[in-house]
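# Secondary and tertiary structure notes
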Amino acid sequence: MIGRSLSNSVINLGIQDQYAEALNQLGFEFEVLAEQEGDASLGNGGLARFSACQMDSLATLDYPAWGYGLRYEYGLFRQIIVDGFQHEQPDYWLNFGNPWEIERIHVTYEVKFNGTVEEVDMNGEKVKVWIPGETVEAVAYDNPIPGYGTKNTINLRLWAAKPSNQFDLEAYNTGDYINSIVNRQNTEAISNVLYPDDRSHQGKEMRLKQQYFFVSASLQDIIRRFKEAHNNFDELPEQVALHLNDTHPSLSIAEIMRILVDEEHLGWSKAWNIVNKIFSFTTHTVVAEGLEKIPVDLLGSLLPRHLQILYEINSNFMEELKKKIGLDYNRLSRMSIIEEGAVKSIRMANLSIVCSHTVNGVSKVHSNTLKTKTFKDFYELWPEKFQYTTNGVTQRRWIVVSNPSLCALLSKWLGTEAWIRNADLLTGLRDHVDNTSFRHEWKMVKRLNKMRLAEYIETMSGVKVSLDAMFDVQVKRIHEYKRQLLNIFGIIHRYDCLKNMDKNDRRKVVPRVCIIGGKAAPGYEIAKKIIKLCHAVAEKVNNDADIGDLLKLVFIPDYNVSVAELVIPGADLSQHISTAGHEASGTGSMKFLMNGCLLLATADGSTVEIIEELGSDNLFLFGAKVEEVAELREKGGALKVPLQFARVLRMVRDGYFGDKDYFQSLCDTVEVGNDFYLLGSDFGSYLEAQAAADKAFVEPDKWIKMSILSAAASGRFSSDRTIREYAERTWKIDPCQCPF
Ligand code: TH1
């Protein structure tokens, strides 16, 4: 999820001024031109954006790395809002061409599907041969990723599917010309569209095809490069580190075994010894239900040889495991790569753990959950495999590109631009926190960014907002666990209080502009209802002349990377309020932190580490802790819920915001006894945290100090730190500078 590339590229190449000057001479303004560029949205949310940040850091830190992915013709859908409802529109982002990519018409590989496996005799030895039924061609499109302050530029290679010439031959033989052309279109469809589901896996055939297509082309590319310099595979583990970014590419384990055993004839145990030294794996999810599973039937018909290989890996693993733990059948079945049951499936996470030398979590809390719950059995077996590397974000995009005025201010007061390559230097801001002119300049920068955001809000939604109000932002994918509903309930409560307040009391109230943005997966009904409720509440509140500027609610449509670049610098407060134990890491909070935005958050995911850096006095913390959640859930119907929560719920149920019937099922999800994400039990402390934020906001000096300290604490959350940890601990690679 790269977003736009122009600004980032000229900044990283260090030619920003010259480029702007050259454009000027041609009669164009850089800022205006940059906004014409469309976003590359080839992923869903945090996972995909994290990959983009990692690529930027890999390039900047001179690591010899490649990124691989799919060149979807349709990226993540565009969200439009009609009558408060989300509608999805195709993102045909290649319509005007993509100036950043280089088509490598000669870098193509055949990817095969379906067919049968036959056993043939080869020099007296029985070997398995896969006779595929369908062949597709993968064509490479290279997207250069320039590092900052280095000549090093790395490559993001994206694969597009093209029909293979084999079709033409078949058509010629059978004379079925028209059908062969239709088939061609089916094969091209493989890289057509990104699945818009964030975290839900439906066992769709096309998605599996996409995964294998991506894996097969990438591995052929990697092995071809390796073979150019080596005539056997002994050195593969020293020369190649393959990182599985979640389980989506984990079919590569079976694929590389197939290549080494069937095509390179290495023999199983030799191949296995190589394979289990080259893979490392990061899991980005928390709950077991979120883990990817592929139905055996589906896999068997699409990739028959791979299914055999997976069975063999599993059977060897089960044998080894029995030797270690004995005949504990429950545990054996929990750890098996194959899940027996109504739908027999491959557990991709188990596969990845068994075959990787390292299993990474994305934050401290997440890693603890992996060790004590999700993958407890595996942790007990291989404690040394489990590590954590906390996520990060690149300050090049999230400060330098998106907040030029803050960038200038930081360089001025730190006396250097070195923080752009070394974010730890941001701690130097702490030295100036009591300096009044620094604080004043800091405040001006925030105001400028708020102005930019206010203009955008007015253009997008027609709502005029006051710059004196606190800009309170929650932008991320819409999910029940992320609890946008808690935010909306808080806003309803605020509105209700304002309505019941006399004029004198109202004068003391801190005006708020509540900003919510994010996409719901097209099939996720509850998430879509949350978006509608947000609009229904906004409609009522924003048109209430009696309330005026005291409260506004705006939904920012089509949240994507470039919208984030505008929204994040303009936020005073941002919300990261997932039910504790559900957000593996969360990276949005790090971007806000870097931009001097205060956080209102639960102790979940990376927030726990942000607190370690920042101190709990400098953010607004609330809600149940990870270790309390299970007990609260057990209480069920006996759980204590504040009266205010019941009142807000009643208002929605009674149709105070219209669409009474439509919202009932949404209300059911948080009704006492059914409130899995614990909105009710966290509501009281949520309101307290909100009140504390209001109180701090009316003391500008205090607020600005907290804002400066937030940015000063953000260095640890640079993806440069993340990548360095991966390079040193997991991949064991050294920087490798461009020699000329
Ligand atoms: C996200 C996690 O939810 C988030 O907490 C984390 O910061 C981010 O990954 C980066 O580590 C995930 N997004 C997805 C998307 C899919 C499947 C699993 C995850 S986990 C499609």
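## Re the overall build of the protein
Per the secondary structure count, the protein includes 31 helices and 21 strands. The C-alpha atoms of the protein give 27 Å as radius of gyration, which agrees with the globular expectation for 740 residues (27 Å, within 12%). Judged by the C-alpha coordinates and their principal axes, the protein covers about 95 × 70 × 55 Å. Considering only residue pairs separated by 6 or more positions, the protein has 76% of its internal contacts joining residues 24 or more positions apart. Of the roughly 31000 Å² of accessible surface on the protein, a fraction of 51% belongs to carbon and sulfur atoms. Of the charged side chains in the protein, 82 are positive and 98 negative; the average position of the first set lies 4 Å away from that of the second.

## Some words on the environment of Ser 402
With respect to the helices, strands and loops of the structure, Ser 402 is situated in the loop between helix H17 (395-401) and helix H18 (404-414). On the accessibility criterion, Ser 402 (3% relative accessible area) is buried. Sequence separation between Ser 402 and Asn 595 is 193 residues, and the spatial gap between their C-alpha atoms is 9.4 Å. Beyond its immediate chain neighbours, meaning those up to four positions away, Ser 402 contacts Arg 397, Arg 452, Glu 565 and Pro 569.

## Re a negative patch on the surface
Negative charge collects at one region of the surface, where Glu 627, Glu 628, Glu 631 and Glu 634 lie side by side. Considering the arrangement of structural elements, one finds Glu 631 in helix H26 (residues 626-635). A relative accessible area of 53% means that Glu 631 is categorised as exposed.

## Looking at the site of the ligand
The environment of the ligand is formed by 15 residues, the closest being Arg 199, His 284, Asn 391, Glu 583 and Gly 586. Asn 391 is positioned such that a nitrogen or oxygen atom in its side chain is 2.7 Å from an oxygen atom of the ligand. Between an oxygen atom of the ligand and a main-chain N or O atom of Ala 584, the distance comes to 3.3 Å. With the chains in place, 96% of the 470 Å² that the ligand exposes on its own is no longer accessible. Here the shell around the ligand is composed, by residue class, of 4 nonpolar, 7 polar and 4 charged.

## A closer look at the domain arrangement of the protein
Assigned domains of the protein: these are domain 1 (206-388) and domain 2 (395-692 + 701-723). Here domain 1 and domain 2 have C-alpha centroids that lie 38 Å from each other. Residue-level contacts link 10 residues of domain 1 with 11 residues of domain 2. Counting each side, the surface lost to burial between domain 1 and domain 2 is near 750 Å², with a carbon and sulfur contribution of 62%. Counting the surface domain 1 buries against domain 2, the share from its top three residues, Val 286, Lys 364 and Val 365, is 56%. In this assembly, domain 1 and domain 2 are joined by 1 salt bridge. For the salt bridge of Lys 364 with Glu 612, the shortest nitrogen-to-oxygen distance reads 2.8 Å. Along the contact surface separating domain 1 from domain 2 lie 3 residue pairs in polar contact (both at pLDDT 80 or more).

The rules behind each value
Residues numbered from 1 in each chain as written. Predicted model: local features only at pLDDT ≥ 70, side-chain atom pairs only at ≥ 80, totals over all residues. Heavy atoms only, no water. Helix = DSSP H or I, 4+ residues; strand = E, 2+ residues; numbered from the N terminus. Rg over C-alpha atoms; globule rule 2.2 N^0.38 Å. Contact = heavy atoms within 4.5 Å. Areas by Shrake-Rupley, 256 points an atom, 1.4 Å probe, with all protein chains shown as cover. Lys, Arg positive; Asp, Glu negative; His and termini not counted. Charge placed at Lys NZ, Arg CZ, Asp CG, Glu CD. Buried < 20%, exposed > 50% of the residue type's maximum accessible area, 1.4 Å probe, protein only. Patch = residues over 30% accessible without salt bridge, like charges linked within 9 Å, V, L, I, M, F, W, Y side chains within 5 Å. Salt bridge = Lys/Arg side-chain N within 4 Å of Asp/Glu carboxyl O. Near = heavy atom within 4 Å. Polar contact = N/O pair within 3.5 Å; in protein donor to acceptor, adjacent residues only side chain to side chain. Nonpolar A, V, L, I, M, F, W, Y, C, P; charged D, E, K, R; others polar. Domains from an automatic or database assignment. Buried area = accessible area lost by both parts, 1.4 Å probe.

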